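A look at the structure
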Amino acid sequence: MILVGCDLGTAAAKAVVMQDDRILAAKTLPYKNLPRQAAAAVLEQALSEAGLAPDDVDSCVATGFGRKAVACATADVPEVMCLSRGIRRLNPSIRTVIDIGGQSIRAFSIGENGKITDSTGNEKCAAGTGKFIEVMAKALELPLEEASELSLTAASPVNITSQCGVFAESEVITYVNDGIDRADILAGINRSVSGKIASLARRISVISPIALVGGVAKNQGVRRYLERELKLEFIPLDFDPQNVNALGAALVARERKK
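First, a word on what this report is: a plain description of the structure on this page. The structure displayed is predicted, hence computed values, not measured ones. (Residues numbered from 1 in each chain as written. Predicted model: local features only at pLDDT ≥ 70, side-chain atom pairs only at ≥ 80, totals over all residues. Heavy atoms only, no water.)

**Comments concerning the nonpolar core**
Counting 32 residues, the largest nonpolar core has Ile98, Ile100, Ile189, Ile197 and Leu226 as the members making the most contacts within it. Those elements giving two or more residues to this core turn out to be β6 (96-100), β7 (105-110), α3 (130-139), α5 (165-177), α6 (182-201), β9 (210-213) and α7 (220-230). Considering each element in turn, this core owes the most residues, 8 residues, to α6. Here Ile189 is in contact with Phe132, Met136, Leu140, Ile160 and Val172, once residues within four sequence places are set aside. (Core = buried A, V, L, I, M, F, W, Y, C linked by side-chain atoms within 4.5 Å. Buried < 20%, exposed > 50% of the residue type's maximum accessible area, 1.4 Å probe, protein only. Helix = DSSP H or I, 4+ residues; strand = E, 2+ residues; numbered from the N terminus. Contact = heavy atoms within 4.5 Å.)

Structural data, given as structure tokens:
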């Protein structure tokens, strides 16, 4: 069977193609608008990499903020279900997952039987999310990838006191005008973001081993500060952390097809 999982978030479209239990392709496509077109484009790229055509697909499941915009999906399911399936496939020993996306943060615990035992998520606020980091990087006139690496070179991280994106951006601009090194500003931003994420994660029972997924999981500065906040080390995944949700959707597609 050819199975496809599509995760349409607020900042990126992701797709995973599987043949039975084997992963054939995984693609990520950043986008800012036109979710239906973004979903179609990332699916086309993933199928092309796998050497397949749309007619070869036996089942497609969509998930994520924009899952209703995935035109070819035969079903759509909640993100937590897909994340749980994806994590269990990659490392069944993991007991806590923190997922940080473009505009969302969620944390949940998984029991030994694979069932979700506790979960929490952020309210409608960008603080601590990928969008918050993106706005701050823009204020520093840096691409996101460069911002992540540069923060690791900081000597004296600054304090970002505001959790509100508007006020935090004003703080950043003030630091820039004062001539503060951008690496120190970025490290301060990452530390602030990590504090927000850790505060939310502590609403549940954080049990080790723990995994960090979502687009922000690729930010090594956030990852480092968050490990310090929680006094835990994240388990590395042998898979793109931004694509775990799409992988889980493909696994759900397999379950439903069977």
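**Topic: the pattern of salt bridges**
Taken as a whole and judged by the stated rule, the model has 13 salt bridges. Between Arg106 and Glu79 there is a salt bridge; the shortest N-O distance is 3.7 Å. Of the two residues, Arg106 is situated in strand β7 and Glu79 in helix α2 (residues 79-90); the sequence distance between them amounts to 27 residues. Judged by its relative accessible area of 15%, Arg106 is buried. One network of salt bridges, in which partners are shared, links Arg67, Lys68, Asp76, Glu79, Asp99 and Arg106. (Salt bridge = Lys/Arg side-chain N within 4 Å of Asp/Glu carboxyl O.)

**Side note on the side chain of Arg106**
At 2.7 Å, the side chain of Arg106 and the side chain of Asp99 are in polar contact. Every residue in contact with Arg106, bar those within four places of it in the chain, is listed here: Glu79, Val80, Leu83, Val97, Ile98, Asp99, Thr120, Gly121 and Leu200. (Polar contact = N/O pair within 3.5 Å; in protein donor to acceptor, adjacent residues only side chain to side chain.)

**So, the environment of Ala168**
As for its placement among the helices and strands, Ala168 is situated in helix α5. By relative accessible area, which is 0% here, Ala168 ends up buried. A sequence separation of 36 residues divides Ala168 from Phe132, and the C-alpha atoms of the two residues are 9.1 Å apart. Setting aside anything within four residues of it in sequence, one finds Ala168 in contact with Phe132, Met136, Ile160 and Ser162.

**Observations regarding a negative patch on the surface**
A cluster of acidic residues, Asp20, Asp55, Asp56 and Asp58, forms a negative patch on the protein surface. Within the secondary structure layout, Asp55 lies in the loop between α1 (35-49) and β4 (59-63). The class of Asp55 is exposed, set by a relative accessible area of 77%. (Patch = residues over 30% accessible without salt bridge, like charges linked within 9 Å, V, L, I, M, F, W, Y side chains within 5 Å. Areas by Shrake-Rupley, 256 points an atom, 1.4 Å probe, with all protein chains shown as cover. Lys, Arg positive; Asp, Glu negative; His and termini not counted. Charge placed at Lys NZ, Arg CZ, Asp CG, Glu CD.)

**Regarding the packing of α2 against helix α8 (residues 244-257)**
Two elements in contact, α2 and α8, have axes whose closest approach is 7 Å; the angle formed by their N-to-C orientations is 90°. By the criterion of interaxial angle, the relationship of α2 to α8 is roughly perpendicular. Two secondary-structure elements touch here, α2 through Glu79, Met81, Cys82, Leu83, Arg85, Gly86, Ile87, Arg89 and Leu90 and α8 through Val244, Asn245, Leu247, Gly248, Ala249, Leu251, Val252 and Glu255. Residues belonging to the contact of α2 with α8 are distributed by class as follows: 10 nonpolar, 3 polar and 4 charged. (Axes fitted to C-alpha atoms, helices over the stretch in contact; angles between N-to-C directions. Parallel < 35°, antiparallel > 145°, perpendicular 65-115°, else oblique. Nonpolar A, V, L, I, M, F, W, Y, C, P; charged D, E, K, R; others polar.)

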